[in-house]
Amino acid sequence: MDYNTLINLGTELGCQLMASGAEISRVEDSILRLMHAYGAADAQVFAIPNCLFVCLTPDEGHPITRVCRIPAHGIDLDRLELCNALCRQLCQEIPDPAEALQQVAYIADHRPSYSGRAVLMGYFLVGAFFTPFFGGGLLDSLCGGLCGISIALSNRLLRRVTGSSPFFHTLLSATVSSLLAQLFVRVGIAYHADAITIGALMLLVPGVALTTAMREVMASDIVSGVTRMAESLLTATAIALGTGAALALGGLL
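As the structure is a computational prediction, the values presented were derived from the model and not from experiment.

1. Observations concerning the overall build of the protein
- The helix and strand inventory of the protein stands at 10 helices and 3 strands.
- For the protein, the succession of helices and strands along the chain, N to C, is α-α-β-β-β-α-α-α-α-α-α-α-α.
- Along the three orthogonal principal directions, the C-alpha set of the protein runs to about 75 × 35 × 30 Å.
- In the protein, which comprises 253 residues, the share counted as buried stands at 41%.
- In the protein, of all internal contacts separated by at least 6 residues, the share reaching a separation of at least 24 is 66%.
- Taken as two groups, the 14 positive and 20 negative side-chain charges of the protein have centres that lie 13 Å from each other.

This is how it looks when you write it as structure tokens:
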């Protein structure tokens, strides 16, 4: 058994799961099941939202450890399902570790992606359909969709300029969206700036992250749960600061 390839297999699969937004308990359990299926009964796994540790001891030799840092990421349910299905398949069939590693790499390199138009349409529909829930009319819904598109374009531009900085992306996107909502009302296109603003900002609300944090706390992954909770609170703070800055600026203008 090539233990170096085996530990690379477990680490790469775990990194793909974490980058897809999987809970820590799911990541650790999947890696352990994979290691046990290949005969590494003494494998140890420790994960937190931005880092993964995998360790195993060969039959003869010193323990092997690999550490992998996971950059800031979102949620990709399609890739998460592909990784889960592959993990179950590998545990049942137990192919050669090198071959299994190629299958993991294929998911990472060839996962399906949406076109820019499809992404913009998704942002538009979310903003447009949330606005009526907060008292907006038809024109308000259309403006809410346009504010949603402004969030998508702001995020895309900020990623190119500043790289990976979710806090500032959220803050500036909330500012741009709120200013645009006020502009629509000032020029007479829409009537309810508050409904448009809230409807578009639902795109930035960290609902899934907060739910995942509570699930990890309930699963006794306290470090991961508290970390994700802090990220959710920082995102909510960025939304509040961006919206408040836009309202203050709109009042001055």
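Here the narrative resumes, following the displayed structure.
2. Quick look at the pattern of salt bridges
- One pass over the full model with this rule turns up 6 salt bridges.
- Across the salt bridge formed by arginine 33 and aspartate 29, the nearest N and O atoms sit 2.8 Å from each other. Taken as a pair, arginine 33 and aspartate 29 lie in helix 2 (residues 24-37) at a separation of 4 residues, close to a single helical turn.
- Ionic pairing is found between glutamate 216 and arginine 228, a salt bridge with its closest N-O pair at 3.0 Å. Within this pair, whereas glutamate 216 is found in helix 9 (residues 207-218), its partner arginine 228 is found in helix 10 (residues 222-252), the two being separated by 12 residues in sequence.
- Connected via shared salt-bridge partners are Glu23, Arg26 and Arg215.

3. A word on a nonpolar patch on the surface
- Residues Phe130, Phe133, Phe134 and Ile198 make up a contiguous nonpolar surface patch of about 400 Å² in total accessible area.
- Looking at where isoleucine 198 falls in the secondary structure, it is placed in helix 8 (residues 193-201).
- On the basis of relative accessibility, which here comes to 38%, the residue isoleucine 198 falls in the partly exposed class.

4. Brief notes about unusual backbone geometry
- Of note in this structure, isoleucine 94 is not a glycine but carries a positive phi near 50°.
- Structurally, isoleucine 94 can be placed in the loop between helix 3 (77-93) and helix 4 (97-110).

5. Regarding the state of the cysteines
- Under the definition given, this model contains 0 disulfides.
- Unpaired in terms of disulfides, cysteine 55 finds its nearest cysteine sulfur in cysteine 51, a separation of 14 Å.
- Owing to a relative accessible area of 21%, cysteine 55 belongs among the partly exposed residues under this scheme.
- Cysteine cysteine 83 remains unbridged, with the sulfur of cysteine 87 as its closest cysteine sulfur at 9.1 Å.
- Classification of cysteine 83 by relative accessible area gives buried; the value is 1%.

6. Points about the packing of helix 1 (residues 3-19) against helix 4
- Running from amino to carboxyl end, helix 1 crosses helix 4 at an angle of 20°, the nearest separation of the two axes being 9 Å. Here helix 1 is positioned roughly parallel relative to helix 4, judged by the angle of their axes. The element helix 1 and its partner helix 4 pack so that their crossing is left-handed. In contact with Thr5, Leu6, Asn8, Leu9, Glu12, Leu13 and Gln16 of helix 1, helix 4 contributes Pro97, Ala98, Ala100, Leu101, Val104 and Ala108.
- By residue class, the composition of the contact of helix 1 with helix 4 is 9 nonpolar, 3 polar and 1 charged.

7. Details of the layout of surface pockets
- Considering only enclosed or pocket space, the largest pocket measures out at about 2200 Å³ in volume.
- Counting only elements with at least two residues in the lining of the largest pocket, the list comes to helix 3, helix 5 (116-130), helix 6 (138-162), helix 7 (166-186), helix 9 and helix 10.

8. A word on the sheet that holds strand 1 (residues 44-48)
- Taking strand neighbours across the sheet as the criterion, the 3 strands line up as 1-2-3 in an open arrangement whose pairing is antiparallel. Either end of the sheet is taken by a strand with one partner, and the two such strands are strand 1 and strand 3 (64-69). For this sheet the average axis-to-axis angle between neighbouring strands, irrespective of direction, equals 10°.
- Judged from the 6 bridges that link them, strand 2 (residues 51-56) and strand 3 form a sheet pairing that is antiparallel. The residue bridging phenylalanine 53 from the neighbouring strand is valine 67, located in strand 3.
- Lying on the sheet, helix 1 is in contact with strand 1, strand 2 and strand 3; it crosses strand 2 at an angle near 155°.

Rules behind the numbers
- Residues numbered from 1 in each chain as written.
- Predicted model: local features only at pLDDT ≥ 70, side-chain atom pairs only at ≥ 80, totals over all residues.
- Heavy atoms only, no water.
- Helix = DSSP H or I, 4+ residues; strand = E, 2+ residues; numbered from the N terminus.
- Buried < 20%, exposed > 50% of the residue type's maximum accessible area, 1.4 Å probe, protein only.
- Contact = heavy atoms within 4.5 Å.
- Lys, Arg positive; Asp, Glu negative; His and termini not counted.
- Charge placed at Lys NZ, Arg CZ, Asp CG, Glu CD.
- Salt bridge = Lys/Arg side-chain N within 4 Å of Asp/Glu carboxyl O.
- Patch = residues over 30% accessible without salt bridge, like charges linked within 9 Å, V, L, I, M, F, W, Y side chains within 5 Å.
- Areas by Shrake-Rupley, 256 points an atom, 1.4 Å probe, with all protein chains shown as cover.
- Disulfide = S-S within 2.5 Å.
- Axes fitted to C-alpha atoms, helices over the stretch in contact; angles between N-to-C directions.
- Parallel < 35°, antiparallel > 145°, perpendicular 65-115°, else oblique.
- Left-handed = near helix turned anticlockwise from the far one by under 90°.
- Nonpolar A, V, L, I, M, F, W, Y, C, P; charged D, E, K, R; others polar.
- 1 Å grid on protein atoms, 1.4 Å probe; cavity = no way out; pocket = protein on both sides within 12 Å on 5 of 7 lines; lining within 4 Å.
- Points joined across faces, edges and corners; volume = space filled by probe spheres on them.
- Pairing = 2+ DSSP bridges.

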